[in-house]
Amino acid sequence: MRYASWLRVIGALRYDRYDLSGGAYRSSGDRLSPKITVGVSPFAGIEFYATYAEGYRAPSITETLVQGIHPFPAFNILPNPTLRPEVAHTVEGGINLKYDDVLQPGDLLRAKLNVFNNVIDDYINISPVGPTYFVPAIPGIPASICARLTGRFPCVIPVQSLQYLNIAQAELSGVEIEGAYDWGGGFVSLAATHTDGRNKATRETLLTVPPDRISATLGMRFLDERVTVGSRLTFVDSRLDVPAGTTILATKAYALVDFFASYRVDDRIRADVIVQNAFDKRYTQYLNLLPSSGLTAKAAISIKFATR
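Residues numbered from 1 in each chain as written. Predicted model: local features only at pLDDT ≥ 70, side-chain atom pairs only at ≥ 80, totals over all residues. Heavy atoms only, no water.

A look at the environment of Ala-253
- Note that Ala-253 resides in the loop between β12 (227–236) and β13 (254–264).
- Spatially, the C-alpha atom of Ala-253 lies 8.3 Å from that of Tyr-283, the residues being 30 residues apart in sequence.
- With near-sequence residues (within four places) excluded, Ala-253 lies in contact with Val-236, Asp-237 and Ser-238. (Helix = DSSP H or I, 4+ residues; strand = E, 2+ residues; numbered from the N terminus. Contact = heavy atoms within 4.5 Å.)

Spelled out as structure tokens, the structure:
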């Protein structure tokens, strides 16, 4: 609701309910979560805002009931049917920028800075549990042989079982920045995120917090904006400060370059091409144990059979 040209107030209530069952296990719950945002625009094109919101997330089937052995390295994944739902209390604030005709007629400038702090009760985090044991360093070798070859080749990878557990209270805080400039004949955008997450009692880092990321995109348009070509550069920081017992999940920093192009034949037909990881960089995404895809090329044609 906008009370004046300089004041914006948004209020909301959300009701969530869940019922989860599997075999002899069953859990359920519900909650009403409020949200309020206040925005103030002292000058045209700029808005300062603040938000308080609560959230409710039920444990998923994967987190509660799924169990098995990870393919490689072959550690155990344990179920936890007693997981409790998360309740989040988020405070955030920031600045929105919105300007037109900045450098030339028809251009657009958009930017946003957001700072947040999120305290979560009963945070669901994947954690190492139980004793350390050794598994084969060569894919395909059954882990059962390590019962008699503990610490000897090929059983030289120390691991622990992983299980989703509730943390009494976790704290997530961070900064998000994004901006874009579009002048019709092209566009450029930048986005960056930084998140820090810790167990509020022990101050130990949370395994599920992603590494810092920065991405930049540059695109150009030709032939009356029917052809678009561009490139995207992505930097992902290392994530080495993982909890004890999960060092196999630590990842190094990496940078990727993508290229993309599209051709709009008319309002009904469009062709797209994208080349991801164009320089075939060897890297591993965080929380993955095997290397991620190398150079990947995709092409697509979209046809609309009805337009309005």
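A few points about unusual backbone geometry
- Even without glycine at this site, Asp-101 takes up a positive phi of about 55°.
- Inspection of the secondary structure assignment puts Asp-101 in the loop between β7 (86–100) and β8 (108–135).
- With a phi close to 50°, Leu-223 is a non-glycine residue in the positive phi region.
- Within the secondary structure layout, Leu-223 lies in the loop between β11 (213–222) and β12.

Notes on the packing of aromatic side chains
- Applying the stated criterion across every chain, the model contains four aromatic pairs.
- Here Tyr-254 and Tyr-283 contribute two aromatic rings whose centre-to-centre distance is 4.5 Å and whose plane-to-plane angle is 35°, an arrangement assigned as tilted. With Tyr-254 in strand β13 and Tyr-283 in the loop between β14 (269–276) and β15 (296–303), this residue pair connects regions lying 29 residues apart in the sequence.
- Note on Tyr-254: relative accessible area 9%, which makes it buried.
- When the centroid spacing of 6.4 Å and the interplanar angle of 70° are considered together, the rings of Phe-259 and Phe-279 count as edge-to-face. Here Phe-279 lies in the loop between β14 and β15 and Phe-259 lies in strand β13, a separation of 20 residues in the sequence.
- Phe-259 sits in the partly exposed class, given a relative accessible area of 38%.
- Here Phe-279 falls in the exposed class, since its relative accessible area comes to 63%. (Phe/Tyr/Trp six-rings, centres within 6.5 Å; stacked < 30°, edge-to-face > 60°. Buried < 20%, exposed > 50% of the residue type's maximum accessible area, 1.4 Å probe, protein only.)

Nothing here speaks to function; it is all geometry.
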